[in-house]
Amino acid sequence: MSIEQYQDTFIQRQFADRIGGANYGKDTAIYKFEKIKRAKAAARKDFPDIELIDMGVGEPDEMADAGIVAKLAEEAAKPENRGYADNGIAEFKEAASRYLKEVFGVEGIDPATEIVHSIGSKPALAMLPSCFINPGDLAILTVPGYPVLGTHTKYLGGEVYHVPLTEENQFLPDLSSIPEEVAAKAKLIYLNYPNNPTGASATKEFFIEVVAWAKKYDIVVVHDAPYAALTYDGLKPLSFLSVPGAKEVGVELHSLSKSYNMTGWRIGFVAGNPLIVKAFSDVKDNNDSGQFIAIQKAAAYGLSKPEITEKIAKKYSRRHNLLVEALNELGFKAKKPQGSFFLYVEAPQGVEGGPSFASAEDFSQYLIREKLISTVPWDDAGHYVRFSVTFAANGIEAEKQVIEEIKRRLGGVKFVF
């Protein structure tokens, strides 16, 4: 039977309201990433001889370090590593604690009580609301941003309040703009720096402000930091936990996905307040049985060698330089970020003598269908597109060729801003 045929059965009536209830699957709206997927397929069909340049991919274009891969193979062959990992092994937690100290200068993190592994950051963000949110409770999220914590807040009957990230405020949330009644009700605030999609980096002064604000309103801070070690041009990696008082109000999520080219390995950790770590561990224990021990041991090996990330960061920094220069030559106002592999650029209003763009999505669709360049649009707070410098290119010369091809494809039109 097809999905449509099953929609006429009792199963359709049993779905939970959180995913649409009896109308689940009947929504005809096409969401952003599905539109991108369809546009890419159409562009490839219309222009089969032209390679699509994918600048929208949010994951590294290279394999994990050979030493990490070798460590996985070594540990996977050991029978003692075959069983359930539950809430993690001491070796990984200890490596994570040392990593926080060596890379970010975070002192005093007890690996036994203040760190627990996660199967990547996404499941951690999905589970943390279960520690805090009751029906009617409130979480604060920034937009544009990664929505998972907000999605699960709503699943649990909670509400979400959005704070816009604007260029005028360096893409940091203006905490003073949050209404008093919202702050008084909120249980969680989700932050992410360096930021996806804006590429913005936080400052120590901002984190100090966050700690004071969280203490004032008794709000738990969840800082998602998968790009924290990917910084450029002399900016030192910054951890929320390095700020005095941070551990009193929250936790920080780290992942090896972006900083070690290990997206598919699904390994990260939650660190910070021991009571939050314990609560998360209890919820996690009822959701999964832990990541494969061999992966944890390979990850521990990687965390002991932060120079791996430093090498990766140099590549992304070089690509950012090339892309920013190219886009600015074409009339954009691109500014290199100090962290992450994302470049967030204001969309033009149209093409001289050609189409106009009412939204960033319009522009993104034009780039895909007409120029075979894929980006991700964001219309939550202004009209921007996100370029990712994780495009496929093997070596410096190949990187230059990709950027030159972008300039060639876009150079035939004049954008209006």
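Above this text is the structure in question.
A short tour of the structure in this document, coming up. Each chain has its residues counted from 1, following the order in which its sequence is written. At least 70 in pLDDT is required for a residue's local features to be given in this predicted model, at least 80 for side-chain atom pairs to be given and counted, and no such filter applies to totals for whole chains, interfaces and linings, which use all residues. Side-chain numbers here rest on the full set of heavy atoms in the structure, without hydrogens or water.

A few points about the sheet that holds strand β4 (residues 159–164)
Two strands pair under a simple rule: DSSP has to find at least two bridges between them. Comment: elements are numbered from the N terminus, with helices defined as DSSP H or I runs of at least four residues and strands as E runs of at least two. Read from one edge to the other, the open sheet built from seven strands follows the order β2-β8-β7-β6-β5-β3-β4, with strand pairing classed as mixed. Each edge of the open sheet carries a strand with a single partner, namely β2 (115–118) and β4. Taken pair by pair, the neighbouring strands of this sheet meet at an average axis angle of 20°, ignoring direction. Bridging between strand β3 (residues 138–143) and strand β5 (residues 186–192) involves three bridges; their strand directions are parallel. Following the sheet pairing, L138 is matched in β5 by A186. Relative to the sheet, helix α10 (residues 274–285) contacts β2, β6 (220–224), β7 (250–255) and β8 (268–272), its axis offset from that of β2 by approximately 35°. Orientation is described by axes fitted as lines to C-alpha atoms, over the contacting stretch for helices, and by angles from 0 to 180 degrees between their N-to-C directions. Residues are treated as being in contact if the distance between any of their heavy atoms lies within 4.5 Å.

Notes on the pattern of salt bridges
The working definition used for a salt bridge is a side-chain nitrogen of Lys or Arg within 4 Å of a carboxyl oxygen of Asp or Glu. Scanning the entire structure with this criterion turns up 27 salt bridges. Put simply, D61 and K315 hold a salt bridge, and the shortest N to O gap is 2.9 Å. Of the two residues, D61 sits in the loop between β1 (53–54) and α3 (66–76) while K315 sits in helix α12 (residues 307–329), which places them 254 residues apart along the sequence. Of the charged contacts, one joins E75 and K297 as a salt bridge, the two residues approaching to 3.8 Å between their closest N and O atoms. Taken together, the residues span a long stretch of sequence, with E75 in helix α3 and K297 in helix α11 (residues 293–303) at a distance of 222 residues. Each member of the pair, E75 as well as K297, is classed as buried. Working definition: with a 1.4 Å probe on protein chains only, accessible area under 20% of the residue-type maximum means buried, over 50% means exposed, and in between means partly exposed.

Let's talk about the packing of helix α5 (residues 121–132) against α10
The interhelical angle for the contact between α5 and α10, taken along N-to-C directions, is 110°, at an axis separation of 9 Å. When the axes of α5 and α10 are compared, the pair comes out roughly perpendicular. Contacts from A124, M127, L128, S130, C131 and F132 in α5 reach I276, A279, F280, V283 and K284 in α10. Here the contact of α5 with α10 is built from residues that sort into nine nonpolar, one polar and one charged. Here the angle decides the label: under 35 degrees means roughly parallel, over 145 means roughly antiparallel, 65 to 115 means roughly perpendicular, and every other value means oblique. Each residue receives one of three labels: charged for Asp, Glu, Lys and Arg, nonpolar for Ala, Val, Leu, Ile, Met, Phe, Trp, Tyr, Cys and Pro, and polar for the others, Gly being one of them.

Some remarks on the packing of α12 against helix α14 (residues 396–410)
The N-to-C vectors of α12 and α14 enclose an angle of 20°; their axes lie 10 Å apart at closest approach. In terms of their interaxial angle, α12 and α14 are classed as roughly parallel. The way α12 lies across α14 gives a crossing that is right-handed. On α14, the residues touching K315, R318, R319, L322, L323, A326 and E329 of α12 are I396, E399, K400, I403, I406 and K407. Here the residues of the contact of α12 with α14 sort into six nonpolar, no polar and seven charged. Left-handed describes a crossing whose near helix is turned anticlockwise from the far helix by less than a right angle; the clockwise case is right-handed.

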